[in-house]
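Okay, here's what each chain looks like letter by letter:
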Amino acid sequence: MKKDCNIAEKRYNIRMSSSFYTSSTMHPLVERVLEARSQGKKIVLATGVFDLLHEEHKAYLCAAKECGDVLIVAIESDVRV
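Parameters at a glance
Residue indices begin from 1 for each chain and proceed along its sequence in written order. Where totals are concerned, whole chains, interfaces and linings use all residues; where local detail is concerned, this predicted model gives features only for residues with pLDDT of at least 70, and gives and counts side-chain atom pairs only at 80 or more. Hydrogens are left out, water is left out, and the side-chain values use all remaining heavy atoms of the structure. Under the DSSP-based scheme used, a helix requires at least four consecutive residues in state H or I and a strand at least two consecutive residues in state E, with every element numbered from the N terminus. Any two residues whose heavy atoms approach within 4.5 Å at even a single point are treated as in contact. In protein, a polar contact means a hydrogen-donor-capable atom and an acceptor-capable atom, both N or O and within 3.5 Å, with residues adjacent in sequence counting only if both atoms are side-chain atoms; elsewhere, any N or O pair within 3.5 Å suffices. Given the number of residues in a helix, its expected span is that number minus one, multiplied by 1.5 Å. When accessible area is computed with a 1.4 Å probe and restricted to protein chains, residues below 20% of their type maximum are described as buried, those above 50% as exposed, and intermediate ones as partly exposed. An arc is given here, and it is the one of the directions from the helix axis to the C-beta atoms. The pairing criterion is simple: DSSP has to find at least two bridges between the two strands. For crossovers, right-handed means that the path from the first strand over the helix to the second runs clockwise, given strands pointing away from the viewer. We call a set of buried Ala, Val, Leu, Ile, Met, Phe, Trp, Tyr and Cys residues a nonpolar core when their side-chain atoms join them within 4.5 Å.

1. Comments concerning the overall build of the protein
- Across its full length, the protein carries three helices and two strands.
- Going residue by residue from the N terminus, the α and β elements of the protein occur as α-α-β-α-β.
- For the protein, the share of sequence-separated contacts (at least 6 apart) that also reach a separation of at least 24 residues comes to 66%.

2. Observations concerning the side chain of His57
- Inspection of the secondary structure assignment puts His57 in helix α3 (residues 55-66).
- Of note is the side chain of His57, whose polar atom sits 3.2 Å from the backbone oxygen of Leu52.
- Sequence-distant contacts of His57, defined by excluding residues within four places in its chain, comprise Val49, Phe50 and Leu52.

3. With respect to helix α2 (residues 27-38)
- For α2, with 12 residues, the first-to-last C-alpha span of 16 Å sits near the 16 Å given by 1.5 Å per residue.
- Buried within α2 are the following residues: Val30, Val33 and Ala36. The arc that holds every buried residue of α2, seen down its axis, measures 130°, which confines them to one face. Along α2, exposed side chains directed more than 90 degrees from the buried face belong to Pro28, Arg32 and Ser38.
- Lining the buried residues of α2 we find β1 (43-48) and β2 (70-75).
- One or two steps after α2, the chain reaches Gly40, where phi turns positive at roughly 75°.

4. Points about the pairing of β1
- Bridge count between β1 and β2: six bridges; the pairing is parallel. Bridged to Leu45 within β2 is Ile72.
- As a crossover connection, the stretch from β1 through α3 into β2 is right-handed.

5. What about the nonpolar core?
- In this structure, Val44, Ala46, Phe50, Tyr60, Ala64 and Cys67 together form the largest nonpolar core, which totals six residues.
- Breaking this core down by element, the ones donating at least two residues are β1 and α3.
- What Ala46 contacts, discounting residues up to four positions off in sequence, is Tyr60, Leu61, Ala64, Leu71, Ile72, Val73 and Ala74.

Interpretation in functional terms is not warranted from these geometric data alone.
Given below as structure tokens:
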């Protein structure tokens, strides 16, 4: 059973995604997400700039994983931040 994610959402600004963008380069990811959705699984999207991975990043990703069944990690570029 997944934990209540209200605390994780507030502390780490985790957003649960109900939709996602597709492109030809994301085809394998889209297929896996659609399969997970068809199985009733909860999908969580965590984004960030993980240029220097440290303990707070690890805590953020672990909290995000606890909020659903499938975790997708999107790595932002330095330009975007």
